[in-house]
Structures are given as C-alpha cells and as structure tokens.
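Letter by letter, the chains look like this.
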Amino acid sequence: MLFGVHNNITTELKDGEISYDKNFLSSLEASRYFKVLRNETAWQQDQIKVFGKVYDQPRLTALFANNNFPYRYSNITMYPSPFSATLLEIKEKVEQQLKKQFTTCLLNLYRHGQDSNGWHADNEKELGKNPIIASVSLGAERMFHMKHRTEKSQKIKINLTHGSLLVMSGSTQHYWLHQIPKTKKHVEERINLTFRILK
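These lines cover the structure that appears in this document, whether it is placed above or below. Per chain, residue numbering runs from 1 following the sequence as it is written. Given that the model is predicted, a residue must reach a pLDDT of at least 70 before its local features are reported, and side-chain atom pairs must reach 80 or more before they are shown or counted; all residues, however, enter totals for whole chains, interfaces and linings. Excluding hydrogens and water, the side-chain values take into account all heavy atoms of the structure.

1. Re the overall build of the protein
In this text, helices come from DSSP runs of H or I with a minimum length of four residues, and strands from runs of E with a minimum of two, each type numbered from the N-terminal end. From N to C terminus, the protein includes three helices and 16 strands. C-alpha atoms define the radius of gyration in this analysis, and the globule rule sets the expected value at 2.2 Å times the number of residues to the power 0.38. At 16 Å, the protein has a C-alpha radius of gyration in line with the 16 Å of a compact globule built from 199 residues. Seen through its principal axes, the protein has C-alpha atoms that stretch 45 × 40 × 40 Å. Of the side chains in the protein, 28 bear a positive and 19 a negative charge, and the two mean positions are spaced by 6 Å. Under the counting rule used here, the positive set is Lys and Arg, the negative set is Asp and Glu, and His together with the chain ends is not counted. Every charge is mapped onto a representative atom, which is NZ of Lys, CZ of Arg, CG of Asp or CD of Glu.

The structure is reproduced here in structure tokens:
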C-alpha cells in the first residue's frame, strides 16, 4: 500500500504500473500553459445520468486529436477539435519523455473544490487492451486517489502538483479505479490534460 505519495515515483503496482514526475514542467512553463489553455479552450459541460437522474458533469471538458475519432465515456460522446499550437507543444514534451505517440487529449477544467471526477477506470474499448494514460496537471493542486478493484488494502493518494506528469500504464485500468474527489477546502482552478491513444 502506498499512501500520501508526494515525490517522483515509478512503481509496479499489484496488477498495474504508475509513474509520477513532480517536476515535468517548470513552474513558469506550467503557468504559461495554464493561462493560454484556460482562455483559448472552448470548454463544454456535458450532462451525465446517475440512477435515472440527469446532472451537469461536475467539471468542464474539451477534446482534441490528430484524427476525427470520437471519444465515448459514461454515455457521453465527444468529438475532437484539431490540436492547438500550445497543445502540440505539450504533447511533444510528453512524447519525448515517454517515447510514445499520442493521438488524443481530453482536457478537464476543475473550477473549484466541488468540481470532481468520481471513481472510474479509463477502460473504453477505443483505448485498446492495456492503455497508457499520461496526465499533465496545471494550476491548483488536487488529490488523486487510486484503489484496487478487489484488494481493499491497496490504495494510493498522490498530490498532483502544478506542472506534474502522472502516467498509468500496463494493466492498471483493468484492476484499479481512480478519482479526483471533491474538497471543502478553497482551491483555485486546475486544468488536467490526459493524453491517450485511440485505436
């Protein structure tokens, strides 16, 4: 069990693998990217159905790709826009570090502590059998929780910092769930860029 991880880590989980680079981007780089993406992105708020009731999704999103493939999750279908120059710049940095080529980026804007992302796995069939998800955090720090689907003692908490890169790979999405929980603390806005490979 890992708890309260705050530094750079690369670890093989039980049934998965994650790495966390706290200093992927410098503070100045991260702040510049946050400002541009916050102002230039056409953010949208989709609706989700929970137990038969429809709610506004508790965050804003946007999808970008180098193809026209839609991305479907939680009964939502998103259609991508072409990558902007800024997103291509960040994408290239991620690809250089990971030696992987990504096709798609789902952006999330968490406006305050009540914006969240509930327990889920990125296991949509479009992502393939063992997807790699590379997540860049910009702006306010938020806690990232992971838990094993069956081994209840296996839990992880990581404080995602400004300019950090979290990577989930291997069989992680088969066996682990993750979330960004709500918090009653006052937190500023956070942008999360999740790079993916759509098959």
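Now that the structure has been shown, we can carry on.
2. What about the sheet that holds strand β15 (residues 176–180)?
Reading across from one edge, β10-β15-β12-β13 is the order of the four strands in this open sheet, with antiparallel pairing throughout. Strand pairing shows two members of the sheet lacking a second neighbour, β10 (117–120) and β13 (155–160), which therefore form its edges. If you compare each strand with its neighbour and ignore which way they point, the axes differ by 15° on average. Strands are labelled as partners when DSSP assigns at least two bridges between them. Pairing of β10 with β15 involves two bridges; the strand directions are antiparallel. What sits directly across from His120, in β15, is His178. In this analysis, axes come from line fits to C-alpha atoms, helices being fitted only over the stretch in contact, and the angle between any two N-to-C directions falls in the range 0 to 180 degrees.

3. Concerning the layout of surface pockets
For the largest pocket, the calculated volume is near 550 Å³. Two kinds of site are reported from a 1 Å grid over the protein atoms alone, namely cavities, where a 1.4 Å probe fits but cannot get out, and pockets, open sets with protein on both sides within 12 Å along at least five of seven lines, and residues are called lining when an atom falls within 4 Å of a point. In terms of lining residues, the largest pocket is bounded by 35 residues, among which Arg59, Tyr73, Asn117, Gly118 and His120 are the most central. Every element with two or more residues in the lining of the largest pocket is listed here: β3 (47–50), β6 (71–73), β9 (104–110), β10, β11 (133–139), β14 (165–169), β15 and β16 (190–196). Grouping the amino acids of the lining of the largest pocket by side-chain chemistry returns 15 nonpolar, 14 polar and six charged. Reported here for the second largest pocket is a volume of approximately 210 Å³. Lining the second largest pocket we find Glu141, Arg142, Met143, His145, Asn159, Pro181, Lys182, Thr183, Lys185 and Val187. The element contributing the most residues to the lining of the second largest pocket is strand β12 (residues 142–148), with three residues. Classifying every residue of the lining of the second largest pocket by side-chain character gives three nonpolar, three polar and four charged. Grid points are joined across faces, edges and corners, and a volume is the space filled by probe spheres set on the points. Each residue gets one label: Ala, Val, Leu, Ile, Met, Phe, Trp, Tyr, Cys and Pro are nonpolar, Asp, Glu, Lys and Arg are charged, and the others, such as Gly, are polar.

4. Some words on the pairing of β15
Looking down a regular strand, the side chains alternate between one sheet face and the other. A large share of β15 lies buried, amounting to five of its five residues. Burial along β15 is two-sided: Trp176, His178 and Ile180 facing one way and Leu177 and Gln179 facing the other are all buried. In the sheet, β12 pairs with β15 via four bridges, with the strands oriented antiparallel. Paired with Met146 across the bridge in β15 is His178. Only protein chains enter the accessibility calculation, which uses a 1.4 Å probe; a residue is then buried when its area is under 20% of its type maximum, exposed when over 50%, and partly exposed in between.

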